[in-house]
Amino acid sequence: MKKNIFTITITLILFSCSSTTKVNEKRCNSILKNDYKTILEEKFESVVNNDTIFLNEVKYECVYTAMYIKKGMYDRFGKWNQEIYPKGRNHPILLWNNVKLFPNDTTEFIIAANGLENTKTIYASVLVFDKKNRDLLSNESVLKTKLIYYFSDMIKTNNEQKRDFYEIYWKTVDPIRWAEIKQYQNNN
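Residue positions are counted from 1 within each chain, in the order its sequence is given. It should be noted that, the model being predicted, local features are given only for residues of pLDDT at least 70 and side-chain atom pairs only at 80 or more, the latter also being counted only at that level, while totals for whole chains, interfaces and linings use all residues. Heavy atoms throughout the structure, all of them, feed into the side-chain values; hydrogens and water do not.

*Asks:* How would you explain the overall build of the protein chain if you had to name every residue and give the values?
*Replies:* Under the scheme used here, helices are H or I runs from DSSP no shorter than 4 residues and strands are E runs no shorter than 2 residues, and both carry numbers assigned from the N terminus. For the protein chain, the count of helices and strands is 5 helices and 7 strands. When the helices and strands of the protein chain are listed from N to C terminus, the series reads α-β-β-β-α-β-β-β-β-α-α-α. Each of the 188 residues in the protein chain was classed as buried or not, and the buried ones make up 45%. It only takes one pair of heavy atoms within 4.5 Å for two residues to be counted as in contact. Within the protein chain, contacts between residues at least 6 apart in sequence are counted, and of these 61% link residues at least 24 apart. Here, Shrake-Rupley sampling with a 1.4 Å probe gives the accessible areas, and only protein chains in the shown set may cover a residue. Of the roughly 10,800 Å² that the protein chain leaves accessible, carbon and sulfur atoms contribute 49%. Exposure is judged per residue with a 1.4 Å probe applied to protein chains only, and the accessible area is read against the type maximum: over 50% gives exposed, under 20% gives buried, and values in between give partly exposed.

*Asks:* Give me the lowdown on the layout of surface pockets, citing residues and values where you can.
*Replies:* Note on definitions: the grid is 1 Å and covers protein atoms alone; a cavity is a set of points where a 1.4 Å probe fits but cannot get out; a pocket is an open set with protein on both sides within 12 Å along at least five of seven lines; lining residues have an atom within 4 Å of a point. Grid points are joined across faces, edges and corners, and a volume is the space filled by probe spheres set on the points. Space inside the largest pocket adds up to approximately 650 Å³. With 5 residues, the single largest contributor to the lining of the largest pocket is helix α4 (residues 164-173). Classification used: nonpolar for Ala, Val, Leu, Ile, Met, Phe, Trp, Tyr, Cys and Pro, charged for Asp, Glu, Lys and Arg, polar for all others including Gly. Residues that form the lining of the largest pocket fall into these classes: 10 nonpolar, 8 polar and 9 charged.

*Asks:* Describe α4, listing the residues and the values that go with them.
*Replies:* Residues Phe165, Tyr166, Tyr169, Trp170 and Val173 constitute the buried set of α4. The arc enclosing the buried residues of α4, seen along the axis, measures out at 115 degrees, which places them on a common side. Of the surrounding elements, those touching the buried residues of α4 are α2 (68-77), β5 (93-99) and α5 (175-187). Arc, as used here, means the arc of the directions from the helix axis to the C-beta atoms.

*Asks:* An account of the packing of α2 against helix α3 (residues 144-156) is requested, with residue identities and associated values reported.
*Replies:* Each pair of packed helices can be described by the angle between their axes along with the distance between the axes. Here an axis means a line fitted to C-alpha atoms, over the contact stretch when the element is a helix, while the angle between two N-to-C directions is reported on a 0 to 180 degree scale. In the contact formed by α2 and α3, the axes pass within 9 Å of each other and the chain directions differ by 90 degrees. Relative to α3, the element α2 lies roughly perpendicular. Here Tyr68, Ile69, Gly72, Met73, Arg76 and Phe77 of α2 come into contact with α3, specifically with Tyr150, Phe151, Asp153, Met154 and Ile155. Class assignment of the residues belonging to the contact of α2 with α3 gives a composition of 8 nonpolar, 1 polar and 2 charged. Here roughly perpendicular refers to angles of 65 to 115 degrees, roughly parallel to angles under 35, roughly antiparallel to angles over 145, and oblique to all remaining angles.

*Asks:* Any details on the packing of α4 against α5? Residues and values, ideally.
*Replies:* Packing of α4 against α5 brings their axes to within 5 Å, and their N-to-C directions diverge by 135 degrees. Accordingly, the angle class assigned to the pair α4 and α5 is oblique. Here α4 contributes Tyr166, Glu167, Trp170, Lys171 and Val173 to the contact with α5, which in turn contributes Pro175, Arg177, Trp178 and Ile181. For the contact of α4 with α5, a count of residues per class yields 6 nonpolar, no polar and 3 charged.

*Asks:* If you had to explain the side chain of Lys59 to someone new, which residues and values would you point to?
*Replies:* Relative to the helices and strands, Lys59 resides in strand β3 (residues 51-61). For this analysis, a polar contact is any N or O atom pair within 3.5 Å, provided that within protein one partner can donate a hydrogen and the other can accept it, and provided that sequence-adjacent residues contribute only side-chain to side-chain pairs. Among the polar contacts listed, one links the side chain of Lys59 to the side chain of Glu42, at a separation of 2.8 Å.

*Asks:* How would you explain the nonpolar core if you had to name every residue and give the values?
*Replies:* The biggest cluster of nonpolar side chains holds 40 residues, and the ones touching the most others in it are Tyr60, Ile69, Ile111 and Phe151. Tallying contributions element by element places α3 first for this core, with 6 residues. Among the nonpolar cores identified, the runner-up in size contains 9 residues, and Leu55, Ile84, Leu95 and Ile110 belong to it. Nonpolar cores are built from buried Ala, Val, Leu, Ile, Met, Phe, Trp, Tyr and Cys residues. Side-chain atoms within 4.5 Å join them into one set.

*Asks:* How would you summarise the environment of Asn90 if you had to cite specific residues and measurements?
*Replies:* Within the secondary structure layout, Asn90 lies in the loop between β4 (82-84) and β5. Taking the relative accessible area as the measure of exposure, Asn90 reaches 67% and is therefore exposed. Along the chain, Asn90 and Asp174 lie 84 residues apart, while their C-alpha atoms are 9.1 Å from each other. Filtering out sequence-adjacent residues up to four positions away, Asn90 remains in contact with Tyr85 and Val173.

*Asks:* Lay out the packing of aromatic side chains with the relevant residues and their values.
*Replies:* Only Phe, Tyr and Trp rings take part, Trp by its six-membered ring, and two of them pair if their centres are within 6.5 Å. Stacked means planes under 30 degrees apart, edge-to-face means over 60, and tilted covers everything else. Inspection of the entire model under this criterion finds 12 aromatic pairs. Relative to Trp96, the ring of Trp80 has its centre 6.1 Å away and its plane inclined at 75 degrees; by these criteria the two rings are edge-to-face. Highlighted residues: Trp80 in the loop between α2 and β4 and Trp96 in strand β5, separated in sequence by 16 residues. On the basis of relative accessibility, which here comes to 5%, the residue Trp80 falls in the buried class. A centroid spacing of 5.3 Å and a plane angle of 80 degrees characterise the contact between Phe102 and Tyr150, whose relative ring orientation is edge-to-face. Taken as a pair, Phe102 in the loop between β5 and β6 (109-117) and Tyr150 in helix α3 lie far apart in primary sequence, 48 residues in all.

This is how it looks when you write it as structure tokens:
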């Protein structure tokens, strides 16, 4: 029961998140394959039941695909536990529960993988929590630097040959789009 309450809490927090920083100029003149130009740390403000909550999201900007962290998590840990659709967005935040990121460490994390591609920027991003709802990307977290490096390495070591994520993702998120992708592939 406690696990369900925690998952519901994280879901409500992420569901109501909106960025407090707006990008006004084009930030990515070029995109990088298996790399990124900049790591941004941004605050998100979320209002849940009249309470304001600030979350920390780490964004790896100017990447080749906004799905790098989603795909990397799938490649390492399998299918996500939940999709969370923020208002006005077609692509969900993917949530993995009880993930052990580091070898020989029993710590379990909740990982929320996100990303955005638009005319001004492209980034893959992540939010990380522990089982007690603590934001592990906050400045107070002793794991912050280690986590930023972990997801940075995930982008840099992406195996382009592993493609199963995309089929599972599109079949789950947008089956019509998946059918269009398959039709396109069959015609070429």
